[in-house]
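Residue strings, one per chain:
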Amino acid sequence: MRVRRHMFAAALLTAALALAGCSASGSGSAADAKSAGRPGAAEAAVGGGPAADSGYAAASPAPGSRQSGAEKKPVAAGTHIIRTAGLSVEVKDATKALARIRTTVEAAGGHVADETTERVDDTRVTSHIVLRVPQERYASLLTELEGSGKLLSRKADAKDVTDQVVDVASRIATQRASVARVRALMDRAEELADVVTLEGELSRRQSELESLLAQQASLKDRTAMATITLELSEPAGTEPLADDEDPGFLDALKGGWGALAATVHWIGLVLGAVAPFAAVLAAVYAVWRWLIRPLRMRRRAAAAPGQPKQPERTQQAERD
């Protein structure tokens, strides 16, 4: 019994080391069988029973199965292309044009991924918009956006990533099968050292699998939805009148009204600036008129006793 246990433990460790050196092309099962030296150990490492409990849909089948070749080289249907475009359009009203574009894109099944709107020189509005639209509506929406105003510039790009999509899908299938094999070995391991080694290997392979799945999701999103970057801008301003173009009555009326408004504005500013000084002068005059002057008059009257006393009305008249 001890001899059998040691032989089985040696076979497990040898299979684990062979799994660590397997390539992404899916040749790990043959390497396990050669390094173990026993067909029974290789079949146990690739068995599909325990792998079914791991939660992965692409567990590897038996070595003689017809599906093994299909898992190694999955066939992608159609061509996968990443489309991007950049447009610069001049419109009369950027705010209204932006509202129309947002409605059109949402009706086509797309959405606004990013938007930046700002006012330049307090006279013009500019908008930077990133649109994500379905691939089948990319050409029609691009033409419609070009016609929304005066086209200033355009740049379009198409990148074929079919080979990359097929490669990532193949690596995912191989990595899932590899994870399933390590799980099967963990279910059969009895020694603590073997379990610890297999757990580390399983963690590394699951991390690689998650990275590949993230790459696949990114490729799927970029190939399913095209990206259009749109720059909306308003004209710099109205052109001045030509030299031979005389102003009319309305132009003169508008100019006169502007001059009157400017005059009233400046008069109000002058009155506002003078008002504090006028208030201080009025207060000083009131103090002198009703306090200081009557007091001086009484002192003069007291200093001349020989003069006859004038009636109160006469004194009041002199004060006035």
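In case you missed it, the structure is sitting above this.
Conventions we followed
- Starting from 1, residues in each chain are numbered consecutively following that chain's sequence as written.
- pLDDT decides what is reported in this predicted model: residues at 70 or higher carry local features, side-chain atom pairs at 80 or more are listed and counted, and totals for whole chains, interfaces and linings draw on all residues regardless.
- As a rule here, side-chain values cover all heavy atoms of the structure and leave hydrogens and water aside.
- The working definition used for a salt bridge is a side-chain nitrogen of Lys or Arg within 4 Å of a carboxyl oxygen of Asp or Glu.
- Strands are runs of DSSP state E lasting at least 2 residues, helices are runs of H or I lasting at least 4, and numbering of each runs from the N terminus.
- Summary of the burial criterion: residues with accessible area below 20% of their type's maximum are buried, those above 50% are exposed, and those between are partly exposed, where the area comes from a 1.4 Å probe applied to protein chains only.
- All axes here are fitted lines through C-alpha atoms, helices being fitted over the stretch that makes contact, and every angle between N-to-C directions spans 0 to 180 degrees.
- Note on angle classes: values under 35 degrees are labelled roughly parallel, values over 145 roughly antiparallel, values of 65 to 115 roughly perpendicular, and the remainder oblique.
- By definition, turning the near helix anticlockwise from the far helix through less than a right angle yields a left-handed crossing, and turning it clockwise yields a right-handed one.
- Basically, the charged four are Asp, Glu, Lys and Arg, the nonpolar ten are Ala, Val, Leu, Ile, Met, Phe, Trp, Tyr, Cys and Pro, and anything else, Gly included, counts as polar.
- When DSSP finds at least two bridges between two strands, those strands are taken to pair.
- Two residues form a contact once any of their heavy atoms are found within 4.5 Å.
- By this rule the span expected of a helix is its residue count minus one, scaled by 1.5 Å.
- Note on terminology: a nonpolar core comprises buried Ala, Val, Leu, Ile, Met, Phe, Trp, Tyr and Cys residues joined through side-chain atoms within 4.5 Å.
- The rule is short: rings of Phe, Tyr and Trp, with Trp giving its six-membered ring, pair when the centres are within 6.5 Å, and they are stacked under 30 degrees, edge-to-face over 60, tilted in between.
- Our definition puts a charge over a ring when NZ of Lys or CZ of Arg is within 6 Å of the ring centre and also within 35 degrees of the ring normal.
- To count toward a patch, a residue needs a relative accessible area over 30% and no salt bridge; like charges are then connected within 9 Å, while nonpolar side chains (Val, Leu, Ile, Met, Phe, Trp, Tyr) are connected within 5 Å.
- All accessible areas in this document rest on Shrake-Rupley with a 1.4 Å probe, and a residue is counted as covered only by the protein chains that are shown.

(A) The arrangement of the pattern of salt bridges in detail. A full pass over the atoms with the stated rule returns 7 salt bridges. Of the charged contacts, one joins Glu 115 and Arg 102 as a salt bridge, the two residues approaching to 2.7 Å between their closest N and O atoms. On the criterion of sequence distance, the pair formed by Glu 115 in strand 2 (residues 111–120) and Arg 102 in helix 5 (residues 94–107) is long-range, its members being 13 residues apart. When its relative accessible area of 35% is taken as the criterion, Glu 115 is described as partly exposed. Residue Glu 201 is joined to Arg 205 by a salt bridge in which the shortest nitrogen-to-oxygen separation is 2.8 Å. With Glu 201 and Arg 205 both in helix 8 (residues 192–224) and 4 residues apart, the pair spans about one turn of that helix. With respect to class, Glu 201 is no different from Arg 205; both count as buried. Salt bridges linked by common partners bring Glu 201, Arg 204, Arg 205 and Glu 208 together as one network.

(B) Quick peek at the packing of helix 7 (residues 162–188) against helix 8. At a minimum axis distance of 9 Å, the contact between helix 7 and helix 8 shows a crossing angle of 155°. Considering the angle they form, helix 7 stands roughly antiparallel to helix 8. Pair helix 7 / helix 8 crosses with left-handed handedness. Along the lines of polarity and charge, the residues of the contact of helix 7 with helix 8 split into 14 nonpolar, 6 polar and 7 charged.

(C) Structural context of the pairing of strand 1 (residues 81–90). Sheet topology note: the strand 1/strand 4 (residues 150–160) ladder contains 10 bridges and is antiparallel. Across the sheet, residue Glu 90 finds its bridge partner in strand 4, namely Lys 150. Here 7 bridges tie strand 1 to strand 5 (residues 225–233), and the two strands are oriented parallel to one another. Bridging across to strand 5, Leu 87 finds its partner in Leu 230.

(D) How the structure looks around the side chain of Ser 127. Mapping Ser 127 onto the fold places it in strand 3 (residues 124–134). Beyond its immediate stretch of four places on either side in the chain, Ser 127 contacts Leu 98, Thr 116, Thr 117, Leu 230, Glu 231 and Leu 232.

(E) Quick look at the sheet that holds strand 1. The strand order 2-3-5-1-4 describes an open sheet built from 5 strands, whose pairing is mixed. Strands with a single pairing partner mark the edges of an open sheet, and in this sheet they are strand 2 and strand 4. Each adjacent strand pair in this sheet contributes to an overall mean axis angle of 10°, direction not counted. Direction of pairing for strand 3 relative to strand 5: antiparallel, over a ladder of 8 bridges.

(F) Summary view of helix 8. For helix 8, which comprises 33 residues, the first-to-last C-alpha distance of 48 Å matches the rise-based estimate of 48 Å (1.5 Å per residue) to within 8%. Here helix 8 has its buried residues at Asp 194, Leu 198, Glu 201, Leu 202, Arg 205, Leu 209, Leu 212, Leu 219 and Thr 223.

(G) The nonpolar core, seen in detail. Among the nonpolar cores identified, the biggest contains 22 residues, and Leu 131, Val 133, Ile 228, Leu 230 and Leu 232 are the most heavily contacted of them. Breaking this core down by element, the ones donating at least two residues are strand 1, helix 5, strand 3, helix 6 (138–146) and strand 5. Ranked by the residues each element gives to this core, the list is headed by helix 5, at 5 residues. Residues Val 161, Val 165, Leu 209 and Leu 212 belong to the second largest nonpolar core, which totals 8 residues.

(H) Layout of the packing of aromatic side chains. Tallied over the entire structure, the rule returns 1 aromatic pair. Relative to Trp 288, the ring of Tyr 285 lies with its centre 6.2 Å away and its plane at 35°, an arrangement referred to as tilted. Residue Tyr 285 and its partner Trp 288 are located together in helix 9 (residues 249–303), separated by 3 residues, close to a single helical turn. A cation over a ring is seen here: Arg 289 above Trp 290, with NZ or CZ 5.9 Å from the ring centre.

(I) Geometry of a nonpolar patch on the surface. Taken together, the side chains of Tyr 285, Val 287, Trp 288, Trp 290, Leu 291 and Ile 292 define a hydrophobic patch exposed on the protein surface, amounting to about 660 Å² of accessible area. With respect to the helices and strands, the residue Ile 292 is situated in helix 9.

(J) View of the environment of Val 105. On the secondary structure map, Val 105 appears in helix 5. As for Val 105 and Arg 132, which are separated by 27 residues in sequence, their C-alpha atoms are 8.3 Å apart. When neighbours within four sequence positions are excluded, Val 105 is seen to be in contact with Gly 110, His 111, Leu 131, Arg 132 and Val 133.

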